[in-house]
Amino acid sequence: MVTDPIADYLTRVRNAQMAGHRVVEIPASNLKKRITEILYEQGYILKYKFEDDNKQGFIKIALKYDPSTKQPAIRSLERISRPGLRQYSKPADFKRVINGLGIAIISTSKGVMTDKQAKAQNVGGEVLCSIS
């Protein structure tokens, strides 16, 4: 049993990139699906596919690498809010990730979105993770 599924998700992606894998499989949940969609929309992953196995299902993520240097598109994945210490923030207090080049994923009352989208809609929430 995993006590922090988001940290598990981020660790699986981080480990797959360090090992140079092209595809990583992660057990699915609605929150993980939304995080995957955000990563795709922001250009951090190539493709993703949700597969159902009559249980929990899983997400297949095709990782993105630079063609010339073979460096992963995701430089860092960092969990901000943890089960032991939740981090909430107002739109005015969102910290910029790498001076605006990275994104933070926020769980708001209007759904899971990036920090820029949350600021535009003027909603705060729990800062799940930062990606650059």
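Above: the structure in question.
Here the structure is a predicted model, which means the values were calculated and not measured.

Enquirer: Looking at this model, I keep getting lost on the sheet that holds strand 1 (residues 23–27). Mind explaining?
Expert: Each strand in a sheet pairs with its neighbour through backbone hydrogen bonds, running either in the same direction (parallel) or in the opposite one (antiparallel). Read across the open sheet, the three strands follow the order 1-3-2; overall the sheet is antiparallel. Of all the strands in the sheet, just strand 1 and strand 2 (45–51) have a single pairing partner and so form its edges. Averaged over all pairs of adjacent strands, the angle between strand axes in this sheet comes to 20°, irrespective of strand direction. Bridge analysis of strand 1 against strand 3 (residues 58–63) gives five bridges, and the strand direction is antiparallel. Within strand 3, the residue paired with valine 24 across the bridge is isoleucine 61. Strand contacts of helix 1 (residues 5–19): strand 1 and strand 3, with the helix running at about 165° to strand 1, the strand carrying the most contacts. Against the sheet, helix 2 (residues 30–41) contacts strand 1, strand 2 and strand 3, and its axis sits at roughly 155° relative to strand 2.

Enquirer: Teacher, can you tell me more about the layout of surface pockets here?
Expert: A probe as big as a water molecule, rolled over the atoms, marks out the empty space that is left. Computed from the structure, the largest pocket encloses a volume of approximately 230 Å³. Every residue lining the largest pocket is counted, 14 residues in all, and those nearest its centre are Ile80, Ser89, Phe94, Lys95 and Val127. A per-class count over the lining of the largest pocket returns seven nonpolar, three polar and four charged.

Enquirer: Just to check I follow, could you spell out the environment of glutamate 37 for this structure?
Expert: Mapped onto the elements, glutamate 37 comes out in helix 2. Separated by eleven residues in sequence, glutamate 37 and tyrosine 48 have C-alpha atoms that sit 8.0 Å apart.

Enquirer: Hey, could you run me through the pattern of salt bridges in this one?
Expert: Think of it this way: side chains of opposite charge can pair up when their charged atoms draw near. This model, assessed by the stated rule, comprises eight salt bridges. Measuring nitrogen to oxygen at the nearest pair gives 3.6 Å for the salt bridge that ties glutamate 41 to arginine 34. Residue class for glutamate 41 comes out partly exposed when judged on its relative accessible area of 48%. The partner of glutamate 51 in a salt bridge is lysine 60, with the nearest N and O atoms 4.0 Å apart.

Enquirer: Could you clarify how one ought to interpret helix 2 in this entry?
Expert: Given 3.6 residues per helical turn, the α-helix brings residues three or four places apart onto the same face. Here helix 2 is twelve residues long and its end C-alpha atoms lie 17 Å apart, about the 16 Å a rise of 1.5 Å per residue gives. By the burial criterion, the buried members of helix 2 are Lys32, Ile35, Thr36, Ile38 and Leu39. Taken around the axis of helix 2, the buried residues stretch over an arc of 160°, which confines them to a single face.

Enquirer: Which parts of the structure should I look at to understand the environment of methionine 18?
Expert: Considering the arrangement of structural elements, one finds methionine 18 in helix 1. Look at methionine 18 and you get exposed, because its relative accessible area is 68%. Counting along the chain gives 78 residues from methionine 18 to arginine 96, while the straight-line C-alpha distance between them is 25 Å.

Calculation rules
Residue numbering note: each chain is counted from 1, following its sequence as written. Totals for whole chains, interfaces and linings use all residues, but because this is a predicted model, local features are given only for residues with pLDDT of at least 70 and pairs of side-chain atoms are given and counted only at 80 or more. Note that the side-chain values use all heavy atoms of the structure and ignore hydrogens as well as water. When DSSP finds two or more bridges between two strands, those strands count as paired. Only runs of H or I of at least four residues qualify as helices and only runs of E of at least two qualify as strands under DSSP, and these elements are numbered from the N terminus. Angles shown run from 0 to 180 degrees and are taken between the N-to-C directions of axes, each axis being a line fitted to C-alpha atoms and, for helices, limited to the stretch in contact. Whether two residues touch is decided by their heavy atoms; if any such pair falls within 4.5 Å, the residues are in contact. The way it works is a 1 Å grid over only the protein atoms, where trapped points that fit a 1.4 Å probe form a cavity and open points with protein on both sides within 12 Å along at least five of seven lines form a pocket, and then any residue with an atom within 4 Å of a point lines it. Grid points are joined across faces, edges and corners, and a volume is the space filled by probe spheres set on the points. Each residue is assigned to one class: nonpolar for Ala, Val, Leu, Ile, Met, Phe, Trp, Tyr, Cys and Pro, charged for Asp, Glu, Lys and Arg, and polar for all the others, Gly among them. Between Lys or Arg on one side and Asp or Glu on the other, a salt bridge is scored when a side-chain nitrogen of the former is within 4 Å of a carboxyl oxygen of the latter. Relative accessibility decides the category of a residue: with a 1.4 Å probe and only protein chains considered, values under 20% of the type maximum give buried, values over 50% give exposed, and everything between is partly exposed. A helix's residues, less one, multiplied by 1.5 Å, set its expected span. The arc in question is formed by the directions pointing from the helix axis toward the C-beta atoms.

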